[in-house]
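# Observations on the three-dimensional arrangement
Listed here are the chains, written in short residue letters.
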Amino acid sequence: MMKHVLPLLFLLSGLSAGAQLREIPLSPDRFYQVVSSTKSTDALIDGDIRTQPEPQYHLLAYPAEIRYEFPAEMDVSIAQIRFYDGMGTAEGKPFKVYVISPGNWKKTLIATFTGDAYNEWTTINLKTPLKARYLVIEKGILFPNEMQLLGDFKPYREQKSPERPRRPFRNYTGVNGFEWNILKDPANESTFGEIDEAKFSLLKPFTAFRHYMDWEKLEHTPGKYTFSPTRSGAWDYDRMYETLQRHHIEVLACFKTIPNFIINTYPEKDRDYGNVPARFGADLTKPATYIEQGRAVFQYAARYGSNKNVNPALVKVDFAPQFGPGTRANERKIGLGLIRYIECDNERDKWWAGRKAYQTGREYAANLSAFYDGDQGRLGPGVGVKAADSTIRWPSVVSPQRNPITSALLSTGVRSSAADSFALISSTITNMPMTLARCNMANPPAGWRRKLPGWVTLPTSSLTCHGVMEATGKYGSPKPGTTCISRPRTMFLR
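Everything numeric here is computed off the predicted structure, so don't read it as measured data. (Residues numbered from 1 in each chain as written. Predicted model: local features only at pLDDT ≥ 70, side-chain atom pairs only at ≥ 80, totals over all residues. Heavy atoms only, no water.)

### Re the pairing of strand 5 (residues 76–85)
For strand 5, the tally of buried residues reaches nine of ten residues, placing the bulk of the element in the interior. Inspection of the sheet shows strand 5 paired to strand 8 (residues 120–132) by nine bridges, in the antiparallel sense. Across the sheet, residue Gln80 finds its bridge partner in strand 8, namely Asn125. (Buried < 20%, exposed > 50% of the residue type's maximum accessible area, 1.4 Å probe, protein only. Helix = DSSP H or I, 4+ residues; strand = E, 2+ residues; numbered from the N terminus. Pairing = 2+ DSSP bridges.)

Okay, structure coming up:
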């Protein structure tokens, strides 16, 4: 049976006559599946023609892509691609391979694998060698048993991360929680703002608190913001954050969920507070779609960040008394200096909750761009964390399962300085779009792993953490050998 592979670029190699092609080394740690998948790609390059990667069926978003980043130092040039065809055919849904060249975010198709042969290698020669910074694989319903790239490259060895200085173990511990894990239930004004000492005593041994900050608490009514007390729940965030700071407990604000006025835009069957932070039917790839969340987080950062020079005209507060006439009402406050770290949402790859709650890397990058700085200010004044306080630091999400190659960056090609970023490593997030919008954390700048702190969120079940997740292992993978505390879910590294 004749093998049928459809190359875009045909034979007539641009290499000099007699040039020796070399197999370009590929590492499984550099593959990243854009759409959450439980199936590994390792068999594609394991050197065993008898093993075949399993495609993932019924994914939440298509086209389903796999991304691969070559280190810039390798200076990769691809002249030939080879597939080993085992059993089966693609049945009209082929496996396609694209290249993105350095400095050019355009995808160039170099081969299409249909699986029409049986137990044989096929070879595609490119018309001219093509410089490659990234591979983009569009998954079909069939993988080749093996894929090889041949051409030219410079030797490259993964850099070893420098050793971190020793810190007290207490600095490595923290916990996730809500306001009701610290404050008494504010059933009326007499209990408003009181610390529940019994609960808070359990938190005191920790040095970090990842606060699940629900958007609804701050913006119960569109454009009207409350903090102390909140219109939803009557919580006193001022008092809670002040207490945490006084006890030297660092806060990472996880700004998450959506308020009812967003939920109610969805069909009744799809209404859930964990949906994507956008109105139903909006284009999730556009930063402007997330402008309402960007406005809310600006208000939060203006109050609890450290910038005391925010324009008061941009700070919106609902001054209506919480408990009726004559009772406590919100005050306008700016630059309280209580929050230094913030995170955009929680588990944005919620595949288990369906498409309404799931974001692809491109969609999450658009979300982050609005959340971060109002899409570089294009969404107008009063939008985004950085528009309120440029010193608030920002997490890059890193999964220990695979390296932080971000589909957002590959899709948009936008970047900026990583100087304000820190690592957020989550073992509850698999194949997450691992990015800071406009910040390439796949190749962090020199000193990032050495100087910046990190947060680690872990499952609630007992576990052994292989290396305290220092964000210093190979592409986010932890170093082996250190047993972490079981149960508490967050560790702050500094």
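### Things to note about unusual backbone geometry
Cis rather than trans, the peptide bond between Ser228 and Pro229 has omega equal to 5°. Take Pro229: it is sitting in the loop between helix 2 (215–218) and helix 3 (237–246). The backbone of Asp75 shows a phi angle near 50°, a positive value even though the residue is not glycine. Note on placement: Asp75 falls in the loop between strand 4 (65–69) and strand 5. The phi torsion at Asp345 lies on the positive side, around 75°, for a residue other than glycine. The residue Asp345 is located in the loop between strand 14 (341–344) and helix 6 (361–373) in this model.

### Digging into helix 5 (residues 291–304)
If you check helix 5, its first and last C-alpha atoms are 20 Å apart, about what 14 residues at 1.5 Å a residue would give, namely 20 Å. Burial of helix 5 is extensive: 13 of the 14 residues sit out of reach of the surface. (Expected span 1.5 Å × (residues − 1).)

### Remarks on the sheet that holds strand 8
Strand order in the open sheet formed by four strands is 2-10-5-8, with antiparallel pairing between adjacent strands. Only two strands of the sheet have a single partner each, and these edge strands are strand 2 (22–23) and strand 8. Across seven bridges, strand 5 lies against strand 10 (residues 146–152) in antiparallel orientation. Within strand 10, the residue paired with Ile81 across the bridge is Leu149.

### Focus: the pairing of strand 7 (residues 107–113)
Counting buried positions along strand 7 gives five out of seven residues, so the element sits mostly inside the fold. Summarising the sheet, strand 6 (residues 95–100) and strand 7 pair through six bridges and their orientation is antiparallel. By the bridge assignment for strand 7, Tyr98 is matched with Leu109. Counted along the chain from strand 6 to the antiparallel partner strand 7, the turn is six residues long, and its residue Gly103 has a positive phi close to 75°.

### Quick word on the nonpolar core
Counting residues in each nonpolar core, the largest one holds 58 residues, and the members touching the most others are Tyr241, Leu244, Phe255, Tyr300 and Ile342. Among the elements that take part in this core, helix 5 stands out by supplying eight residues, more than any other. Discounting chain neighbours no more than four positions away, the residues touching Phe255 are Met213, Trp215, Leu218, Gln293, Ala296, Val297, Tyr300, Glu343, Cys344, Asp345 and Phe371. Formed by 30 residues, the second largest nonpolar core is a distinct cluster that contains Leu26, Val97, Ala111 and Ala132. (Core = buried A, V, L, I, M, F, W, Y, C linked by side-chain atoms within 4.5 Å. Contact = heavy atoms within 4.5 Å.)

### Topic: the environment of Leu59
Take Leu59: it is sitting in the loop between strand 3 (31–33) and strand 4. Overall, the relative accessible area of 11% leaves Leu59 in the buried class.

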